[in-house]
Amino acid sequence: LEASGILTKTVVCVCAIADAKVNAFLAPGLCSPQQSIVQDALATLSSMLGNSTFVADCLSFGTLLYLLKIFVTPTERGGDPAPRIHAAAAISKMTADPTHGSRIQISVCKFIPPAFLGAMRQDADTAVKMFDTLHENPELIWTPGTRSPLLTVVGDMSTERYARQRPNRDAV
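Procedures and definitions
- Residues numbered from 1 in each chain as written.
- Predicted model: local features only at pLDDT ≥ 70, side-chain atom pairs only at ≥ 80, totals over all residues.
- Heavy atoms only, no water.
- Helix = DSSP H or I, 4+ residues; strand = E, 2+ residues; numbered from the N terminus.
- Polar contact = N/O pair within 3.5 Å; in protein donor to acceptor, adjacent residues only side chain to side chain.
- Disulfide = S-S within 2.5 Å.
- Buried < 20%, exposed > 50% of the residue type's maximum accessible area, 1.4 Å probe, protein only.
- Contact = heavy atoms within 4.5 Å.
- Expected span 1.5 Å × (residues − 1).

A. Just the environment of Thr 146, in detail. The topology assignment puts Thr 146 in helix α11 (residues 144-165). Separated by 85 residues in sequence, Thr 146 and Phe 61 have C-alpha atoms that sit 27 Å apart. Among the polar contacts made by the side chain of Thr 146, one reaches the main-chain amide nitrogen of Thr 143 at a distance of 2.8 Å.

Right, here's the structure in full:
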């Protein structure tokens, strides 16, 4: 992952990496229990999201689902919210893609209310704080009762996807 992070500094390398379907190996890294691997995967992913081919692969290989899992997983007391902020920024970057951004946006809004996506576009840190707080207004009703089922569904879906991808990196 560190080598990928270094290679993604040039446009030519980004295009070659995207064409090589490296996302099949990068996406499962987002599910690692080791925070250093998750952070390296997020950094590499962030630098790759300027390539439309790579963004399309993110839909195919479940990267969007893994990013959502990182975003919705609550930060432990005293824990580092940086992975959640980077995941929100990556989701926002994906929705800005001119070719596949609208599909990404539709997919994200199937899981979380559109207000969070708008917050991600403005400031990823604010989106994380907004997700964690209680909201009861006409635009957004967001309580622990609405948050809990989302955590369960996204967690279960990403775990199932990871279990399929781990033995076979080509599994879509």
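B. Structural detail: the state of the cysteines. Counted under the stated rule, the structure contains zero disulfides. Looking at the unpaired Cys 31, the closest cysteine sulfur is the one in Cys 58, lying at 13 Å. Between Cys 109, a free cysteine, and Cys 58, which holds the nearest cysteine sulfur, the sulfur-to-sulfur gap is 17 Å.

C. Region of the structure containing helix α9 (residues 114-122). Ala 115, Phe 116, Leu 117, Ala 119 and Met 120 are the residues of α9 that are buried. Among the structural elements, α6 (63-72), α7 (82-95), α8 (101-109), α10 (124-132) and β2 (141-142) are those in contact with the buried residues of α9.

D. Focus on helix α4 (residues 35-48). When the terminal C-alpha atoms of α4 are compared, their 20 Å separation across 14 residues agrees well with the 20 Å that a helix rising 1.5 Å per residue should span. Three or more residues of α4 are buried, namely Val 38, Ala 41, Leu 42, Thr 44, Leu 45 and Met 48.

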